[in-house]
Amino acid sequence: MGGKTQTKANRVANMISKIARTQEHELDCEECYEHLDHYAEMLQNGEDPSAVLPQVKEHLEMCSCCTEELGALISVLEGQAEAQS
Amino acid sequence: MSERTVERTNDDWLADLQGDELQRADAVEDLRQRLERGVYFYLSRERSDLSDRGEEALTQMAQDFVQDALLKILDNLDTFRGESRFTTWASKIATRVAISELRRMRYKDYSLEYLTAEGETMPDITSLSIAPPSGPQPERYTERQDVMQIVGMAIENALTERQRTALSAYVFDGVPIEEIAARMDTNRNALYKLLHDARLKLKNHLEEQGLSMDYVMTLFESA
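What counts and what doesn't
Residues numbered from 1 in each chain as written. Chains lettered and ligands numbered in written order. Predicted model: local features only at pLDDT ≥ 70, side-chain atom pairs only at ≥ 80, totals over all residues. Helix = DSSP H or I, 4+ residues; strand = E, 2+ residues; numbered from the N terminus. Buried ≥ 20, exposed ≤ 12 C-beta atoms within 10 Å, placed from the backbone. Contact = placed C-beta atoms within 7 Å. Core = buried A, V, L, I, M, F, W, Y, C linked by C-beta atoms within 7 Å. Domains from an automatic or database assignment. Nonpolar A, V, L, I, M, F, W, Y, C, P; charged D, E, K, R; others polar. pLDDT = per-residue confidence, 0-100. Axes fitted to C-alpha atoms, helices over the stretch in contact; angles between N-to-C directions. Parallel < 35°, antiparallel > 145°, perpendicular 65-115°, else oblique. Left-handed = near helix turned anticlockwise from the far one by under 90°.

1. A few points about the overall build of chain A
Link 1 in the chain: A tally of helices and strands in chain A yields 5 helices and 0 strands.
Link 2 in the chain: Each helix and strand of chain A, placed in order from N terminus to C terminus, yields the pattern α-α-α-α-α.
Link 3 in the chain: Per-residue burial for chain A yields a buried fraction of 44% across its 85 residues.
Link 4 in the chain: Taking the contacts inside chain A whose residues are at least 6 apart along the sequence as the reference set, 66% of them involve residues at least 24 apart.

In C-alpha coordinates, the structure reads:
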(Lines give C-alpha, C1' and ligand atoms only; values in the text may rest on other atoms or scores of the structure.)
Protein backbone atom coordinates (compact mmCIF):
# COMPACT_ATOMS: atom_id res chain seq x y z
CA MET A 1 0.00 0.00 0.00
CA GLY A 2 1.00 3.63 0.18
CA GLY A 3 3.48 3.24 2.96
CA LYS A 4 5.00 -0.07 2.03
CA THR A 5 8.03 0.51 -0.10
CA GLN A 6 9.72 -2.51 -1.54
CA THR A 7 13.40 -2.46 -2.20
CA LYS A 8 14.76 -3.18 -5.64
CA ALA A 9 16.20 -6.47 -4.48
CA ASN A 10 12.79 -7.48 -3.11
CA ARG A 11 11.13 -6.64 -6.38
CA VAL A 12 13.66 -8.68 -8.34
CA ALA A 13 13.16 -11.70 -6.07
CA ASN A 14 9.44 -11.19 -6.36
CA MET A 15 9.61 -11.09 -10.14
CA ILE A 16 11.62 -14.30 -10.34
CA SER A 17 9.11 -16.00 -8.08
CA LYS A 18 6.34 -14.69 -10.37
CA ILE A 19 8.14 -16.00 -13.46
CA ALA A 20 8.20 -19.45 -11.90
CA ARG A 21 4.46 -19.27 -11.16
CA THR A 22 3.43 -17.87 -14.55
CA GLN A 23 0.48 -19.63 -16.16
CA GLU A 24 -0.17 -20.00 -19.85
CA HIS A 25 -3.52 -18.23 -19.39
CA GLU A 26 -4.08 -15.49 -16.86
CA LEU A 27 -6.91 -13.01 -16.42
CA ASP A 28 -5.97 -9.50 -17.47
CA CYS A 29 -6.54 -6.40 -15.31
CA GLU A 30 -9.97 -5.62 -16.76
CA GLU A 31 -11.24 -9.15 -16.21
CA CYS A 32 -9.94 -9.00 -12.65
CA TYR A 33 -11.58 -5.60 -12.12
CA GLU A 34 -14.96 -6.96 -13.14
CA HIS A 35 -14.92 -9.31 -10.18
CA LEU A 36 -13.12 -7.11 -7.67
CA ASP A 37 -16.29 -5.92 -5.87
CA HIS A 38 -17.50 -9.49 -5.47
CA TYR A 39 -14.05 -10.56 -4.30
CA ALA A 40 -13.74 -7.76 -1.75
CA GLU A 41 -17.18 -8.46 -0.36
CA MET A 42 -16.39 -12.11 0.16
CA LEU A 43 -13.25 -11.16 2.07
CA GLN A 44 -15.28 -8.71 4.15
CA ASN A 45 -17.74 -11.47 4.99
CA GLY A 46 -14.95 -13.78 6.05
CA GLU A 47 -15.49 -16.07 3.08
CA ASP A 48 -12.72 -17.52 0.94
CA PRO A 49 -12.96 -15.98 -2.54
CA SER A 50 -10.22 -18.19 -3.97
CA ALA A 51 -12.62 -21.14 -4.13
CA VAL A 52 -15.15 -19.22 -6.24
CA LEU A 53 -12.78 -16.91 -8.06
CA PRO A 54 -9.47 -18.78 -8.30
CA GLN A 55 -8.34 -16.96 -11.43
CA VAL A 56 -8.88 -13.60 -9.79
CA LYS A 57 -6.67 -14.72 -6.94
CA GLU A 58 -4.01 -15.82 -9.44
CA HIS A 59 -4.13 -12.47 -11.19
CA LEU A 60 -3.85 -10.62 -7.88
CA GLU A 61 -0.73 -12.61 -7.02
CA MET A 62 0.82 -11.50 -10.29
CA CYS A 63 -0.37 -7.89 -10.41
CA SER A 64 0.69 -5.43 -7.73
CA CYS A 65 -1.57 -2.72 -9.19
CA CYS A 66 -4.75 -4.76 -8.83
CA THR A 67 -3.63 -5.92 -5.38
CA GLU A 68 -3.14 -2.31 -4.32
CA GLU A 69 -6.62 -1.50 -5.60
CA LEU A 70 -8.19 -4.38 -3.72
CA GLY A 71 -6.51 -3.21 -0.51
CA ALA A 72 -7.72 0.32 -1.10
CA LEU A 73 -11.25 -0.85 -1.87
CA ILE A 74 -11.40 -2.81 1.37
CA SER A 75 -10.25 0.29 3.24
CA VAL A 76 -12.86 2.46 1.48
CA LEU A 77 -15.57 -0.04 2.48
CA GLU A 78 -14.28 -0.14 6.06
CA GLY A 79 -14.45 3.64 6.23
CA GLN A 80 -18.10 3.56 5.20
CA ALA A 81 -18.98 0.86 7.69
CA GLU A 82 -17.18 2.62 10.52
CA ALA A 83 -18.99 5.90 9.96
CA GLN A 84 -22.36 4.15 9.90
CA SER A 85 -22.04 2.11 13.05
CA MET B 1 -23.69 12.97 9.98
CA SER B 2 -26.45 12.01 7.57
CA GLU B 3 -29.06 10.57 9.88
CA ARG B 4 -31.59 10.53 7.11
CA THR B 5 -29.65 8.11 4.92
CA VAL B 6 -32.05 5.42 3.88
CA GLU B 7 -30.96 1.84 3.45
CA ARG B 8 -31.52 0.91 -0.16
CA THR B 9 -31.47 -2.46 -1.83
CA ASN B 10 -29.61 -2.78 -5.11
CA ASP B 11 -32.88 -2.40 -6.98
CA ASP B 12 -33.73 0.71 -4.95
CA TRP B 13 -30.41 2.29 -5.85
CA LEU B 14 -30.88 1.62 -9.54
CA ALA B 15 -34.46 2.83 -9.50
CA ASP B 16 -33.64 5.97 -7.52
CA LEU B 17 -30.59 6.87 -9.59
CA GLN B 18 -32.69 6.57 -12.72
CA GLY B 19 -35.85 8.02 -11.17
CA ASP B 20 -37.35 11.48 -11.30
CA GLU B 21 -35.25 14.53 -10.56
CA LEU B 22 -35.90 14.60 -6.83
CA GLN B 23 -35.31 10.90 -6.27
CA ARG B 24 -32.19 11.05 -8.31
CA ALA B 25 -30.76 14.08 -6.52
CA ASP B 26 -31.40 12.45 -3.18
CA ALA B 27 -29.77 9.17 -4.14
CA VAL B 28 -26.77 10.87 -5.74
CA GLU B 29 -26.25 12.90 -2.57
CA ASP B 30 -26.44 9.80 -0.35
CA LEU B 31 -24.01 7.98 -2.57
CA ARG B 32 -21.67 10.96 -2.65
CA GLN B 33 -21.52 11.23 1.14
CA ARG B 34 -20.96 7.54 1.51
CA LEU B 35 -18.15 7.40 -1.03
CA GLU B 36 -16.50 10.54 0.36
CA ARG B 37 -16.42 9.00 3.84
CA GLY B 38 -14.82 5.86 2.46
CA VAL B 39 -12.27 7.57 0.24
CA TYR B 40 -11.33 10.04 2.98
CA PHE B 41 -10.83 7.13 5.38
CA TYR B 42 -8.50 5.46 2.90
CA LEU B 43 -6.51 8.64 2.19
CA SER B 44 -6.08 9.50 5.85
CA ARG B 45 -5.43 6.01 7.24
CA GLU B 46 -3.66 4.06 4.55
CA ARG B 47 -1.62 6.60 2.64
CA SER B 48 1.42 7.47 4.67
CA ASP B 49 2.73 9.27 1.57
CA LEU B 50 -0.07 11.82 2.06
CA SER B 51 0.48 12.30 5.77
CA ASP B 52 1.90 15.79 5.23
CA ARG B 53 -1.43 16.96 3.83
CA GLY B 54 -3.90 18.46 6.22
CA GLU B 55 -7.44 17.31 6.86
CA GLU B 56 -8.79 20.02 4.59
CA ALA B 57 -6.58 19.02 1.67
CA LEU B 58 -7.51 15.35 2.03
CA THR B 59 -11.20 16.23 2.25
CA GLN B 60 -10.87 18.24 -0.94
CA MET B 61 -9.04 15.39 -2.61
CA ALA B 62 -11.72 12.90 -1.60
CA GLN B 63 -14.42 15.24 -2.90
CA ASP B 64 -12.68 15.62 -6.25
CA PHE B 65 -12.13 11.89 -6.69
CA VAL B 66 -15.73 11.12 -5.79
CA GLN B 67 -17.04 13.78 -8.13
CA ASP B 68 -15.20 12.14 -11.04
CA ALA B 69 -16.30 8.71 -9.89
CA LEU B 70 -19.98 9.69 -9.68
CA LEU B 71 -19.99 10.67 -13.34
CA LYS B 72 -18.51 7.30 -14.24
CA ILE B 73 -20.93 5.45 -11.98
CA LEU B 74 -23.99 7.19 -13.42
CA ASP B 75 -22.73 6.60 -16.96
CA ASN B 76 -22.20 2.92 -16.34
CA LEU B 77 -25.24 1.86 -14.34
CA ASP B 78 -26.15 -0.62 -17.05
CA THR B 79 -22.91 -2.52 -16.49
CA PHE B 80 -23.70 -3.27 -12.83
CA ARG B 81 -24.27 -7.02 -12.71
CA GLY B 82 -25.45 -7.34 -9.16
CA GLU B 83 -22.63 -9.63 -8.01
CA SER B 84 -22.10 -7.42 -4.97
CA ARG B 85 -23.95 -4.69 -3.12
CA PHE B 86 -24.45 -1.67 -5.34
CA THR B 87 -22.43 0.48 -2.95
CA THR B 88 -19.49 -1.94 -3.12
CA TRP B 89 -19.56 -1.75 -6.91
CA ALA B 90 -19.71 2.05 -6.76
CA SER B 91 -16.85 2.05 -4.24
CA LYS B 92 -14.80 -0.03 -6.65
CA ILE B 93 -15.17 2.66 -9.28
CA ALA B 94 -14.33 5.44 -6.81
CA THR B 95 -11.27 3.49 -5.64
CA ARG B 96 -10.01 3.05 -9.19
CA VAL B 97 -10.43 6.78 -9.87
CA ALA B 98 -8.62 7.72 -6.65
CA ILE B 99 -5.74 5.28 -7.08
CA SER B 100 -5.21 6.18 -10.74
CA GLU B 101 -5.08 9.87 -9.93
CA LEU B 102 -2.70 9.30 -7.00
CA ARG B 103 -0.44 7.27 -9.28
CA ARG B 104 -0.48 10.01 -11.89
CA MET B 105 0.49 12.56 -9.27
CA ARG B 106 3.22 10.42 -7.79
CA TYR B 107 4.88 9.53 -11.09
CA LYS B 108 4.30 12.77 -12.96
CA ASP B 109 8.04 13.40 -13.31
CA TYR B 110 9.00 9.84 -14.13
CA SER B 111 10.41 9.16 -17.57
CA LEU B 112 11.30 5.94 -19.33
CA GLU B 113 13.87 7.75 -21.43
CA TYR B 114 16.91 6.51 -19.59
CA LEU B 115 15.74 2.94 -20.20
CA THR B 116 15.20 3.41 -23.90
CA ALA B 117 18.18 5.64 -24.65
CA GLU B 118 20.50 4.45 -27.39
CA GLY B 119 23.07 1.99 -26.13
CA GLU B 120 21.57 1.95 -22.65
CA THR B 121 21.29 -1.51 -21.22
CA MET B 122 19.04 -2.81 -18.54
CA PRO B 123 20.46 -2.45 -15.04
CA ASP B 124 22.29 -5.63 -14.19
CA ILE B 125 20.07 -7.72 -11.98
CA THR B 126 22.93 -9.89 -10.85
CA SER B 127 24.51 -6.88 -9.23
CA LEU B 128 21.71 -6.70 -6.69
CA SER B 129 22.24 -8.79 -3.65
CA ILE B 130 19.01 -10.37 -2.54
CA ALA B 131 19.73 -11.37 1.01
CA PRO B 132 22.80 -10.95 3.13
CA PRO B 133 25.05 -14.02 2.99
CA SER B 134 24.81 -14.17 6.76
CA GLY B 135 21.20 -15.35 6.49
CA PRO B 136 20.01 -18.66 7.89
CA GLN B 137 20.97 -20.51 4.73
CA PRO B 138 24.06 -18.89 3.24
CA GLU B 139 24.38 -21.60 0.57
CA ARG B 140 21.03 -20.52 -0.83
CA TYR B 141 22.54 -17.11 -1.45
CA THR B 142 24.91 -18.49 -4.07
CA GLU B 143 22.12 -20.54 -5.61
CA ARG B 144 19.97 -17.43 -5.89
CA GLN B 145 22.78 -15.46 -7.47
CA ASP B 146 23.16 -18.22 -10.06
CA VAL B 147 19.47 -18.16 -10.98
CA MET B 148 19.49 -14.38 -11.09
CA GLN B 149 22.35 -14.47 -13.52
CA ILE B 150 20.43 -16.83 -15.80
CA VAL B 151 17.36 -14.59 -15.60
CA GLY B 152 19.51 -11.55 -16.36
CA MET B 153 20.91 -13.21 -19.49
CA ALA B 154 17.44 -14.30 -20.56
CA ILE B 155 16.10 -10.78 -20.17
CA GLU B 156 18.83 -9.56 -22.45
CA ASN B 157 18.55 -12.30 -25.06
CA ALA B 158 14.99 -13.58 -25.10
CA LEU B 159 12.85 -10.45 -24.68
CA THR B 160 11.87 -7.77 -27.17
CA GLU B 161 12.94 -4.17 -26.65
CA ARG B 162 9.45 -3.21 -25.44
CA GLN B 163 9.26 -6.13 -23.04
CA ARG B 164 12.65 -5.22 -21.64
CA THR B 165 11.74 -1.57 -21.17
CA ALA B 166 8.43 -2.35 -19.48
CA LEU B 167 9.93 -4.99 -17.23
CA SER B 168 12.78 -2.71 -16.18
CA ALA B 169 10.43 0.12 -15.23
CA TYR B 170 8.16 -2.30 -13.38
CA VAL B 171 10.81 -4.25 -11.52
CA PHE B 172 13.67 -1.82 -11.06
CA ASP B 173 11.75 1.38 -10.59
CA GLY B 174 8.58 -0.12 -9.14
CA VAL B 175 6.39 1.94 -11.46
CA PRO B 176 2.69 0.89 -11.63
CA ILE B 177 1.82 -0.69 -14.96
CA GLU B 178 -0.77 1.91 -15.91
CA GLU B 179 1.89 4.61 -15.60
CA ILE B 180 4.32 2.59 -17.73
CA ALA B 181 1.53 2.04 -20.27
CA ALA B 182 0.85 5.77 -20.53
CA ARG B 183 4.50 6.32 -21.45
CA MET B 184 4.56 3.53 -24.01
CA ASP B 185 1.46 4.64 -25.92
CA THR B 186 -0.62 1.70 -24.78
CA ASN B 187 -3.08 0.88 -22.03
CA ARG B 188 -2.83 -0.96 -18.75
CA ASN B 189 -4.48 -4.12 -20.00
CA ALA B 190 -2.20 -4.43 -23.02
CA LEU B 191 0.81 -3.76 -20.83
CA TYR B 192 -0.21 -6.49 -18.43
CA LYS B 193 -0.38 -8.86 -21.38
CA LEU B 194 3.02 -7.72 -22.62
CA LEU B 195 4.52 -8.43 -19.19
CA HIS B 196 2.70 -11.75 -19.05
CA ASP B 197 4.24 -12.74 -22.39
CA ALA B 198 7.63 -11.68 -21.06
CA ARG B 199 7.21 -13.81 -17.93
CA LEU B 200 6.18 -16.80 -20.03
CA LYS B 201 9.23 -16.44 -22.27
CA LEU B 202 11.53 -16.18 -19.26
CA LYS B 203 9.88 -19.18 -17.64
CA ASN B 204 10.35 -21.27 -20.78
CA HIS B 205 13.92 -20.12 -20.99
CA LEU B 206 14.63 -21.19 -17.40
CA GLU B 207 13.03 -24.57 -18.03
CA GLU B 208 15.20 -25.01 -21.10
CA GLN B 209 18.19 -24.49 -18.84
CA GLY B 210 17.00 -27.48 -16.84
CA LEU B 211 15.74 -25.50 -13.86
CA SER B 212 12.62 -26.78 -12.12
CA MET B 213 10.07 -24.10 -11.36
CA ASP B 214 9.41 -25.59 -7.92
CA TYR B 215 13.07 -25.16 -7.11
CA VAL B 216 13.07 -21.54 -8.31
CA MET B 217 9.91 -20.83 -6.33
CA THR B 218 11.36 -22.13 -3.08
CA LEU B 219 14.58 -20.26 -3.67
CA PHE B 220 12.88 -16.92 -4.08
CA GLU B 221 9.68 -17.17 -2.14
CA SER B 222 11.19 -16.24 1.20
CA ALA B 223 13.75 -13.84 -0.23
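Picking up after the structure, the text goes on.
2. Details of the nonpolar core
Link 1 in the chain: One finds A:I16, A:C32, B:V39, B:F65, B:A94, B:Y170 and B:L195 to be the most contacted residues of the largest nonpolar core, which totals 76 residues.
Link 2 in the chain: Counting residues per element, this core draws most heavily on helix α4 (residues 86-106) of chain B, at 9 residues.
Link 3 in the chain: Formed jointly, this core draws a minimum of three residues from each of two domains, domain 1 (10-106) and domain 2 (113-221) of chain B.
Link 4 in the chain: In contact with B:A94, not counting residues within four places along its chain, are A:V76, B:L35, B:V39, B:F65, B:V66 and B:A69.

3. Things to note about the interface of chain B and chain A
Link 1 in the chain: Facing 52 residues of chain B, the contacting portion of chain A comprises 40 residues.
Link 2 in the chain: The set of elements that each furnish at least two residues to the side of chain B that touches chain A consists of α2 (21-46), α4, α6 (138-158), α8 (177-183), α9 (188-208) and α10 (213-221) of chain B.
Link 3 in the chain: At 10 residues, α9(B) tops the list of elements feeding residues into the side of chain B that touches chain A.
Link 4 in the chain: Residues of the side of chain B that touches chain A, tallied by class, amount to 26 nonpolar, 10 polar and 16 charged.

4. Notes on the confidence of the model for chain A
Link 1 in the chain: In the predicted model, chain A carries a mean pLDDT of 90, and the fraction of residues at 70 or more is 89%.
Link 2 in the chain: No element of chain A has a lower mean pLDDT than helix α1 (residues 8-21) of chain A, at 89, and none a higher one than helix α2 (residues 29-44) of chain A, at 96.

5. Description of the confidence of the model for chain B
Residues and elements named next belong to chain B.
Link 1 in the chain: Overall, the prediction assigns chain B a mean pLDDT of 89, with 87% of residues at 70 or greater.
Link 2 in the chain: Confidence, read as mean pLDDT per element, is least for helix α5 (residues 113-116) in chain B (76) and greatest for helix α3 (residues 55-75) (98).
Link 3 in the chain: The ipTM for the predicted assembly is 0.90, set against a pTM of 0.89.

6. Focus on the packing of α3(B) against α4(B)
All names here are of chain B.
Link 1 in the chain: Where α3 contacts α4, the two axes come as close as 9 Å, and the packing angle between them is 130°. By the angle between their axes, α3 is oblique relative to α4. Two packed elements cross with a definite hand, and for α3 against α4 that hand is right-handed. Between α3 and α4, the contacting residues are F65, V66, D68, A69, K72 and I73 on the first element and A90, I93, A94, V97, A98 and E101 on the second.
Link 2 in the chain: Here the contact of α3 with α4 is composed, by residue class, of 9 nonpolar, no polar and 3 charged.

7. Points about the environment of B:H205
Link 1 in the chain: As for its placement among the helices and strands, B:H205 is situated in helix α9.
Link 2 in the chain: Sequence-wise, B:H205 and B:L219 are 14 residues apart; in three dimensions their C-alpha atoms are separated by 17 Å.

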